[in-house]
Amino acid sequence: MASQLLPLELVDKCVGSRIWVVMKSEKEFSGTLVGFDDYVNMVLEDVTEYEPTGEQIKLQKILLNGNNICMLIPGGEGPGGA
């Protein structure tokens, strides 16, 4: 029987690692996952925000609303580093 890995277990394994977050809007974020809750609201630090215009904004820490997250890429470094 194959072992199962539930989605929240995978996110939990990413705590302390770099993660690339694609939002439902056109924004994307790459940073170190500090923590998350059952709603997948997440705190990232050492963040780069990628704007649709190509602009990159550096942020120290950010809280993302899990309801607006479209996709998570563990180990991802954003649009240019994937």
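Here's what I pulled together on the structure shown here. (Residues numbered from 1 in each chain as written. Predicted model: local features only at pLDDT ≥ 70, side-chain atom pairs only at ≥ 80, totals over all residues. Heavy atoms only, no water.)

Observations concerning unusual backbone geometry
Test applied: Only DSSP runs of H or I reaching four residues or more are called helices, and only runs of E reaching two or more are called strands; each is numbered from the N terminus.
One non-glycine residue, Val-40, adopts positive backbone phi at about 60°. Along the chain, Val-40 turns up in the loop between strand 2 (28-36) and strand 3 (42-50). With a phi close to 50°, Asp-46 is a non-glycine residue in the positive phi region. With respect to the helices and strands, the residue Asp-46 is situated in strand 3.

Considering the pattern of salt bridges
Opposite charge on two side chains makes pairing possible when the charged atoms of those side chains draw close. Heads up, the condition is: Here, a salt bridge means any side-chain nitrogen of Lys or Arg that lies within 4 Å of a carboxyl oxygen of Asp or Glu. When accessible area is computed with a 1.4 Å probe and restricted to protein chains, residues below 20% of their type maximum are described as buried, those above 50% as exposed, and intermediate ones as partly exposed.
Taken as a whole and assessed by the stated rule, the structure comprises three salt bridges. Close ionic contact of Arg-18 with Glu-77 constitutes a salt bridge, the shortest N to O distance being 3.1 Å. Highlighted residues: Arg-18 in strand 1 (residues 18-23) and Glu-77 in the segment after strand 5 (69-74), separated in sequence by 59 residues. You can call Glu-77 partly exposed: its relative accessible area is 33%. Residue Lys-27 pairs with Glu-49 through a salt bridge whose shortest N-O separation is 3.1 Å. Within this pair, whereas Lys-27 is found in the loop between strand 1 and strand 2, its partner Glu-49 is found in strand 3, the two being separated by 22 residues in sequence. Judged by its relative accessible area of 32%, Lys-27 is partly exposed. According to the relative accessible area criterion, Glu-49 is buried, its value standing at 8%.

A closer look at the sheet that holds strand 3
Let me state the cut-off plainly: Only strands joined by at least two bridges in the DSSP assignment are considered to pair. Axes, fitted as lines to C-alpha atoms, cover a helix only where it is in contact. Angles between the N-to-C directions of the axes lie from 0 to 180 degrees.
Here five strands make up an open sheet; going across it, the order is 4-3-2-1-5 and the pairing antiparallel. Both outer strands of the open sheet, strand 4 (56-64) and strand 5, are each paired with one neighbouring strand and no more. Strand-to-strand twist across the sheet, computed as the mean angle between neighbouring axes with direction ignored, equals 30°. With five bridges connecting them, strand 1 and strand 5 associate as antiparallel partners. Paired with Ile-19 across the two strands is Pro-74, which belongs to strand 5.

A closer look at the environment of Leu-33
Applied cut-off: Should any heavy atoms of two residues lie within 4.5 Å, those residues are considered in contact.
Assignment of secondary structure puts Leu-33 in strand 2. When the C-alpha positions of Leu-33 and Ile-19 are compared, they lie 6.4 Å apart, and in sequence the two are 14 residues distant. Apart from residues no more than four positions distant in its own chain, Leu-33 is found in contact with Val-11, Cys-14, Val-15, Gly-16, Ser-17, Ile-19, Met-42, Val-43 and Leu-44.

Keep in mind these numbers describe shape, not what the thing actually does.
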